[in-house]
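So you can see what is in the structure, the chains are spelled out below.
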There are 2 protein chains.
Amino acid sequence: MKKTILLTVFVLNGLTTFAQSNDEKNIKLFYKKALTEAKCYSWLEYLSNDIGSRLSGSASAEEAVQYTKRQLETLGLDKVYLQDVMVPHWVRGEKETAFILDNKVKTVVPICALGASVATPKAGITAEIIEVQSIKELKELGDKVKGKIVFYNRPMNPENVATFISYSEAGDQRRSGAEEAAKLGAVGAIVRSLSLRLDDFPHTGNQSYGDLPKEQYIPAAAISTNGAELLSKSLKKNPGLKFFFKQSCETLPDVLSHNVIGELTGTVTPENIMVVGGHLDSWDLADGSHDDGAGVVQSMEVVRILKNLNYKPKNTIRVVLFMNEENGGKGGAKYEEVSKEKKENHIFALESDSGGFTPRGFTIEADDANLKKIQGYKDFFEPYLVNTFIKGHSGSDIEHLTSKTIVKAGLMPDSQRYFDYHHAANDKFDAIDKRELELGAATMTSLIYLIDQNGIVLPAAN
Amino acid sequence: MKKTILLTVFVLNGLTTFAQSNDEKNIKLFYKKALTEAKCYSWLEYLSNDIGSRLSGSASAEEAVQYTKRQLETLGLDKVYLQDVMVPHWVRGEKETAFILDNKVKTVVPICALGASVATPKAGITAEIIEVQSIKELKELGDKVKGKIVFYNRPMNPENVATFISYSEAGDQRRSGAEEAAKLGAVGAIVRSLSLRLDDFPHTGNQSYGDLPKEQYIPAAAISTNGAELLSKSLKKNPGLKFFFKQSCETLPDVLSHNVIGELTGTVTPENIMVVGGHLDSWDLADGSHDDGAGVVQSMEVVRILKNLNYKPKNTIRVVLFMNEENGGKGGAKYEEVSKEKKENHIFALESDSGGFTPRGFTIEADDANLKKIQGYKDFFEPYLVNTFIKGHSGSDIEHLTSKTIVKAGLMPDSQRYFDYHHAANDKFDAIDKRELELGAATMTSLIYLIDQNGIVLPAAN
């Protein structure tokens, strides 16, 4: 019955005078379907609670590949397939230990190794520790850090309402802190967790040694924000105190893994491809329900809703579940590589990789004409309290896509709680609200639909 | 230093050409203060974790009165005082028990007595139970419910993005279900909890027997949504099954309690009063962190921020922490009664009583001229992602205020999770996010400031 109604509506779509009202009706239907009969929440429950953490190269990451492929196969899409990609295989090993050693008093603090870090010697490292707020401050210290552990302790700025700005401003400490400290002869790097909350969770995340020769690599770990506060306070009282940490992580040989791809083939211009996706891999400390289990199941829900309503897209709509966003970005890069080989034409890509919270809008990567065109859809989203359509980074996986004409967007959920969970042991299924997740899926479906219906503005031929 | 800067800005306020830019700067400062040095979260921690649930008439409600008064006294306001008000004193008594009795198989289900309900007989009630979706359906059954328990099972509609609409649509079952069932000779009423989630928490809330004589009162309780689903399924298989429940709640004599009031006296038109408030009482099943501990501490934060910045309001800004919103509304009524006696002139009232979630906007109760005027402030709020300024109910405590010229508004936080916690045992401090709470306080401060600066549109004299 519902199918018939929708089909009638679509038949009317050719009539410009009815177009807006039909779009409104269809978007209303997408939200209704998402809030009443979506599968994204139960998919995520399985992904999180039955499969668990999905770090690239792990058995559970491969399990997630097979599970999501099977689920996509139940949807009646035109194609479902895997795309091979070699991914890094870093393993954490034994749980890390760390303590502050202050006049023979040991105080244990929670740490976790950062991605791609090397291990400490088996017995751990004990050394003086020197606090800095920035890489600039480190460089000014020069030789003084030699033989010591460097402690990066610049907190995320609480003043930004958009917490991703604060994350990006503080991120260099985690990404390059160890590399820069190693260049000056430090023996280890401890980085304040990238979280706006004071708590006991260390937050992992990737770091890189850049071009350093391997023998200069030093172990790098994140410390919980409470731990960082305590360490900083202790250092003010006793700058000569020592810090101990021990971790046994290592990088194993690369592993064959996969992007998971499903497709609704276009009925008018199948050669024009629209991507909707998130990333299948997660960090290893929890099941990654927000990062990015949410984005994965929302992207699957987009094609499920459209298919269930018997929607016949003009363009090819492809759901892509990328592997290895967290520590290598190999899935995104491989997708683009294959796409180039096949001379595919991508017109649009949408990523959800900012958590499963209430959708607030989209960050849009486009020229002014397309930005304006998408902003012109704002009224459609107002009934659903989706209000923010701004220029901004779309997503790490789709940043590899470089077709000349492509327009990209990222779902922008409410960001206040995201960094409470990000890359930490509490990014678990119980941190997900079913309705917030579903509203995100409906919001994504609506934008995919509007762009499929109305296309993008092509650059003027020169 | 910061004080000096702000004062300079206010001196400039007289210059219309700079007005907008000063307002922008001041609002930015309110958000900064809220996100970096607010006290609302630690106040709420005390209110929730040290004092706990605050049902009207309880010792802890009185403790909350004294605590918030003491805290307001530390802020250097011009006045802090209590306003006497007699409140109902309903007590739950022993924990309720209930089970489905289906062919001698007992299945325990979670229930809780509804506010103002009478107890069951000491041994409990066992009776057949009949499911209805509405009071209308009940009335059609007529005599058939005699001697039975009536089970109201119409779920909140998941399709509304604004969950308060669904709450209001389903609320008659809880509010009047027992009264209507009693009129037809039923012996008890069991109401599906008003929540959008399937879980095991029964959600209490007030109900009324209307004009029924006391001897006709029947006990009323809420059942968890999972319990309601199970009961409904069981009834489909065996319509003759029985239901048992037992509760020992009672209404004791009224108790003297208080509204807590603090004031920054106006410097230009002190006779014009602006209220900002929430309600101090909560239900008894948890500490009521969202309902309405959040609104209480946010309202206190508004005057704290303004006072700390040495802001000299044109009008009198009064923070009012109302008692007894949940089961009587006596605090709001008393406040209006006293205000009328004193011939006070209220120009504006703002209530926060929709949870401590990310602020999304305001619901505004005003004539078209004032609605338009407030909507004209939207641009000020856009940097903080506060986008929704719509006509709507402001708040239960301030609904008593009836000055001819008053404009009223309610803070409108994100509502997706509100009914997961509302009136249930999980409405606790750990469900509060510090930043979301603080953003609400900043948003409220900004509106209070704008209205203090710019006034309201007075009705044309006739």
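Sequence order as written defines the numbering, with residues in each chain counted from 1. Whichever chain is written first becomes A and whichever ligand is written first becomes 1, with later ones labelled in order. Only residues with pLDDT of at least 70 are given local features in this predicted model, and only at 80 or more are side-chain atom pairs given and counted; all residues enter the totals for whole chains, interfaces and linings. Computation of side-chain values: all heavy atoms of the structure, hydrogens and water removed.

What follows deals with the relation of the copies chain B and chain A. Aligned on chain A, chain B shows an RMSD of 0.1 Å; the corresponding rotation is 180° and the shift along the axis is 0.0 Å. What the rotation and shift describe, once combined, is the action of a two-fold rotation axis. Within chain B, the C-alpha atom positioned nearest to the axis of rotation is that of Asn387 of chain B, 3.4 Å from it. When the copies are overlaid, the least-squares fit takes in C-alpha atoms only where the residue has pLDDT of at least 70 in both copies.

Residue and element names in this part refer to chain A. Stacked, tilted and edge-to-face are the three classes applied to pairs of Phe, Tyr and Trp rings, where Trp contributes its six-membered ring and a pair requires centres within 6.5 Å; stacked means planes under 30 degrees apart, edge-to-face means over 60, and tilted covers the rest. Evaluation of the coordinates by the stated rule reveals 40 aromatic pairs over all chains. Ring plane angle 90° and centroid distance 6.4 Å describe the contact between Phe357 and Tyr418, whose orientation is recorded as edge-to-face. On the criterion of sequence distance, the pair formed by Phe357 in the loop between strand 13 (345–351) and strand 14 (359–365) and Tyr418 in helix 13 (residues 418–421) is long-range, its members being 61 residues apart. Each member of the pair Phe357 and Tyr418 is classed as buried. Put simply, DSSP H or I for four residues or longer makes a helix, DSSP E for two residues or longer makes a strand, and each gets a number counted from the N terminus. Relative accessible area decides the class of each residue, using a 1.4 Å probe on protein chains only: under 20% of the type maximum gives buried, over 50% gives exposed, and in between gives partly exposed.

A separate point is the state of the cysteines. All names here are of chain B. Cysteine sulfur pairs qualify as disulfides if the two atoms are within 2.5 Å. Applying the stated rule across the entire model yields 0 disulfides over all chains. Left unpaired, Cys112 is separated from the closest cysteine sulfur, that of Cys249, by 10.0 Å. Exposure remark for Cys249: the relative accessible area of 2% places this residue in the buried category.

Right, let's talk about the UniProt feature "domain: Peptidase M28" (unreviewed entry) in chain A for a bit. Mapped onto this numbering, the UniProt entry annotates "domain: Peptidase M28" (unreviewed entry) at residues 259–443 of chain A. The distance separating the terminal C-alpha atoms of residues 259–443 of chain A is 24 Å; by composition the span is 31% helix and 27% strand. UniProt positions are given in the numbering used here, feature names are shortened, and annotations may be inferred rather than shown by experiment.

Take a side-chain nitrogen of Lys or Arg and a carboxyl oxygen of Asp or Glu: if they are within 4 Å of each other, that pair is a salt bridge. Going through the model one piece at a time under the given rule, you end up with 47 salt bridges over all chains. The residue Lys32 of chain A makes a salt bridge to Glu159 of chain B at a minimum N-O spacing of 3.8 Å. Here Lys32 of chain A is found in helix 2 (residues 16–37), whereas its partner Glu159 of chain B is found in the loop between strand 6 (149–152) and helix 6 (163–170) on a different chain. Ionic pairing is found between Glu140 of chain A and Lys136 of chain A, a salt bridge with its closest N-O pair at 3.3 Å. Here Glu140 of chain A and its partner Lys136 of chain A are both found in helix 5 (residues 135–141), 4 residues apart, which amounts to about one turn of the helix. Taking relative accessible area as the criterion, Lys136 of chain A reaches 60% and is therefore assigned exposed. The structure contains a network of salt bridges with shared partners spanning Lys79, Glu263, Arg318 and Glu344 of chain A.

Residue and element names in this part refer to chain B. Following the sequence through the fold, Glu37 ends up in helix 2 (residues 16–37). Residue Glu37 is classed as partly exposed on the basis of its relative accessible area, which comes to 35%. Sequence separation between Glu37 and Ile305 is 268 residues, and the spatial gap between their C-alpha atoms is 9.3 Å. When sequence neighbours within four positions are dropped, the list of residues in contact with Glu37 reads Lys32 and Arg304. Should any heavy atoms of two residues lie within 4.5 Å, those residues are considered in contact.

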